[in-house]
Amino acid sequence: MLEKGAELDLFMKHIGHWTWVHLLYLYDDKHLLIADDFFLERIQQARKKPLVCKTSSVDDYAGAVTVDIKKILVFCQSNELQLVRSLQRKYPDIVVTSGTYGYACTDVSRVSQLIRFQEPSVQRCSSPVVMLSPPYSDAEFIAHSMAGNGLPYCHEYLGRPFALWLKHHRNFQTLRFFDGALQRFGAEDTLSVLLQTDVLRSVFENTNFTFRKFLLYLKKMEAKVIVVRREDKIMEVVSAQLLGRTSERSVWTNRPKKKLGTTFQFKDVDGCLQRFSDVRKDEDLINQVVASGLYCHQLKLENYVENQEKELGDIAEFLSVPLPETVSALDYWSAYERAEGIMPGVTGFKRAMIDKIGLHLR
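Counting restarts for each chain, with residues numbered from 1 along the sequence as it is written. Selection of residues for local features in this predicted model requires a pLDDT of at least 70, selection of side-chain atom pairs for listing and counting requires 80 or more, and totals for whole chains, interfaces and linings are taken over all residues. Water and hydrogen atoms were dropped before computing side-chain values, which therefore reflect all heavy atoms in the structure.

### Quick notes on helix 9 (residues 197–206)
Counting along an α-helix, one turn takes 3.6 residues, and residues three or four places apart therefore face a common direction. The test is simple: Think of it in three bands: residues with accessible area under 20% of the maximum for their type are buried, residues over 50% are exposed, and the middle band is partly exposed, with areas taken using a 1.4 Å probe on protein chains only. Secondary structure counts use DSSP, requiring at least four H or I residues in a row for a helix and at least two E residues in a row for a strand, with both numbered from the N terminus. Any two residues having at least one pair of non-hydrogen atoms within 4.5 Å are treated as being in contact.
For helix 9, the tally of buried residues reaches eight of ten residues, placing the bulk of the element in the interior. By the burial criterion, the buried members of helix 9 are T197, D198, V199, L200, R201, S202, V203 and F204. Considering only its buried residues, helix 9 is in contact with strand 5 (129–133), helix 7 (161–165), helix 8 (174–185), strand 6 (192–196), helix 10 (211–220) and helix 12 (268–290).

### Thoughts on the state of the cysteines
Defined as follows: Cysteine sulfur atoms that pair up within 2.5 Å are treated as a disulfide.
Per the counting criterion, the structure on display carries zero disulfides. There is no disulfide at C76, and the cysteine sulfur nearest it, in C53, is 16 Å away. Judged by relative accessible area, which is 0%, C76 ranks as buried. The cysteine C125 is free of any disulfide, with C154 supplying the nearest cysteine sulfur at 12 Å. What makes C125 buried here is its relative accessible area of 7%.

### A word on the pattern of salt bridges
Quick note on the threshold: What makes a salt bridge here is a side-chain nitrogen of Lys or Arg within 4 Å of a carboxyl oxygen of Asp or Glu, nothing more.
Evaluation of the coordinates by the stated rule reveals 17 salt bridges. Overlapping salt bridges bring together R229, K233, E236 and E283 as one network.

### Thoughts on the nonpolar core
Using the following cut-off: Residues enter a nonpolar core if they are buried and are Ala, Val, Leu, Ile, Met, Phe, Trp, Tyr or Cys, with the set joined through side-chain atoms within 4.5 Å.
Residues F39, I72, V74, L87, F162, F177 and F214 are the most contacted members of the largest nonpolar core, which totals 77 residues. Apart from the residues within four sequence positions on either side, V74 is in contact with I34, E80, L83, V84, L87, V96, T97, S98 and G99.

### Re the sheet that holds strand 6
Put simply, the rule reads: Paired strands are those between which DSSP finds at least two bridges. Here, axes are lines fitted to C-alpha atoms. For helices the fit covers the stretch in contact, and angles between N-to-C directions go from 0 to 180 degrees.
Taken in spatial order, the four strands make up an open sheet running 6-5-7-8, and their pairing is parallel. The open sheet is flanked by strand 6 and strand 8 (296–300), the only strands paired with a single partner. With direction set aside, neighbouring strand axes in the sheet form an average angle of 20°. Here strand 5 pairs with strand 6 via five bridges, running parallel. Paired with V130 across the strands is V193, a residue of strand 6. Lying on the sheet, helix 9 is in contact with strand 5 and strand 6; it crosses strand 6 at an angle near 80°.

### As for the packing of helix 11 (residues 233–243) against helix 15 (residues 342–356)
Quick reminder of the rule: Small angles under 35 degrees read as roughly parallel and large ones over 145 as roughly antiparallel, with 65 to 115 read as roughly perpendicular and the rest as oblique. Each crossing gets its handedness from the near helix: less than a right angle anticlockwise from the far helix is left-handed, clockwise is right-handed. For this classification, the nonpolar set comprises Ala, Val, Leu, Ile, Met, Phe, Trp, Tyr, Cys and Pro, the charged set comprises Asp, Glu, Lys and Arg, and every other residue, Gly included, is treated as polar.
In contact at an axis separation of 9 Å, helix 11 and helix 15 are set at 120° when each is read in the N-to-C sense. The pairing of helix 11 with helix 15 is recorded here as oblique in orientation. With respect to the hand of their crossing, helix 11 and helix 15 are arranged in right-handed fashion. Counting all contacts with helix 11, which are made through I234, M235, V238, S239, L242 and L243, the residues of helix 15 involved are I342, M343, G345, V346, F349 and K350. Across the contact of helix 11 with helix 15, the residue classes break down as nine nonpolar, two polar and one charged.

### Some points on the sheet that holds strand 3 (residues 71–75)
Read from one edge to the other, the open sheet built from four strands follows the order 2-1-3-4, with strand pairing classed as parallel. The strands lining the two open edges of the sheet, one partner per strand, are strand 2 (54–57) and strand 4 (95–98). Mean inter-strand twist for the sheet, computed between neighbouring axes without regard to direction, equals 20°. Summarising the sheet, strand 1 (residues 31–35) and strand 2 pair through four bridges and their orientation is parallel. Counterpart to A35 in the pairing with strand 2 is S57.

### Details of the pairing of strand 3
With respect to burial, strand 3 is a largely interior element, four of its five residues being buried. As paired strands, strand 1 and strand 3 are joined by five bridges and run parallel to one another. Paired with L32 across the bridge in strand 3 is I72. Across four bridges, strand 3 lies against strand 4 in parallel orientation.

### Here we look at helix 3 (residues 37–44)
Every buried residue of helix 3 is accounted for by F38, F39, L40 and I43. Turning to helix 3, the residues buried within the fold contact helix 1 (6–14), helix 2 (20–24), strand 1, strand 2, strand 3 and helix 7.

### Points about the environment of E156
Using the following cut-off: A 3.5 Å cut-off defines polar contacts: any pair of N or O atoms within that distance qualifies, except that in protein one atom must be a possible hydrogen donor and the other a possible acceptor, and neighbouring residues in sequence count only when both atoms are side-chain atoms.
Considering the arrangement of structural elements, one finds E156 in the loop between helix 6 (139–147) and helix 7. With relative accessibility at 13%, the residue E156 sits in the buried group. Here the alpha-carbon distance between E156 and V95, two residues 61 residues apart in the chain, equals 26 Å. Polar side-chain contacts of E156 include one of 3.3 Å to the side chain of Q196. Within the structure, E156 has its side chain in polar contact with the side chain of R249 (distance 2.8 Å).

### What about the pairing of strand 1?
We count it as follows: The path from the first strand over the helix to the second decides the hand: if it runs clockwise while the strands point away from the viewer, the crossover is right-handed.
Judged by how many residues are buried, strand 1 sits mostly within the fold: five of five residues are covered. Where the polypeptide runs from strand 1 across helix 3 and back to strand 2, its parallel neighbour, the crossover connection is right-handed.

### As for unusual backbone geometry
The residue R110 is not glycine, and still its phi comes out positive at about 65°. With respect to the helices and strands, the residue R110 is situated in the loop between helix 5 (99–103) and strand 5. Within the chain, E222 stands out as a residue other than glycine whose phi angle is a positive 55°. Note that E222 resides in the loop between helix 10 and strand 7 (224–229).

Following this line, the structure appears as structure tokens:
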């Protein structure tokens with residue numbers, strides 16, 4: 001159960017990406033949050049001022065649904081959809097939202113919406129664009145660059161918090177989630193998606209949506225898969241270690257002008273070393289996707305940064321879409337000014353490795 005300790009601390013930090021605490025503290029007493037006790041406790045303690053919206057545990061919510069309640073958010077580890085459907089049947093005039101399938105599914109604005117949960121229709125997503133990447137490889141930079149030049153924007157609908165949430169949320173239905181995303185945010189029956197391997201591995205390990213089903217689904221949908229890799233694995237693991245304890249997935253998802261606390265400490269060395277095992281798992285997963293026969297275009301982040309016009313041209317050709325006459329290049333390093341500790345962290349980690357193997361720089 002996701003109830004205490006470092007894992008819960010990390011989960012609460014990661015949902016900051018969706019600004020849930022901020023939003024919940026804006027709701028008034030006409031709103032009701034039904035959730036597991038551990039989540040209610042954390043939300044109620046998140047700020048010094050009291051939470052105005054009503055709250056209730058999953059086991060004792062009946063008396064909390066008063067005549068004044070207009071909207072209900074349900075977010076729990078077990079039987080969430082069943083509870084949502086039950087509330088909708090009993091209170092048809094109240095807007096009832098699923099936290100996992102609705103509130104946590106946001107578009108590029110990253111603003112969760114407390115809107116009525118609707119059972120998504122099963123749709124055939126027409127040739128979706130799927131960007132597949134290891135986490136902290138700055139696929140977000142490529143997504144921004146593509147969108148700035150008229151190509152599809154690949155958004156991470158199944159965001160980083162799901163990597164932890166799916167370890168404890170029972171019976172998550174992956175295709176239901178993406179059918180809902182397509183219904184709300186799709187254009188012309190298609191969706192452009194960023195999938196990162198840490199979340200995918202959690203899906204495969206904790207749901208009935210297996211790797212084999214994933215490949216079959218992509219083939220059935222005739223997906224166009226853009227595979228992003230990063231050569232600099234040290235940069236990858238240091239970014240993972242430092243950004244992993246912030247609310248941001250990437251310096252390229254961070255709000256402009258907002259600084260990220262990314263100070264590298266000596267204790268981070270061991271954390272970085274441990275993350276190399278995840279790097280290998282992520283690389284293995286991507287290699288299996290590439291070897292599966294899917295329609296793939298592969299690229300390296302470093303090459304993309306070095307020559308954006310050429311790489312964008314290759315992507316446009318792969319997707320069969322035109323580029324503008326003048327390609328707009330992004331300054332890759334500009335976003336790292338908002339996470340000043342990452343580059344010194346890379347240097348610090350390299351020095352620590354030199355010390356560990358008995359070499360010293362003068």
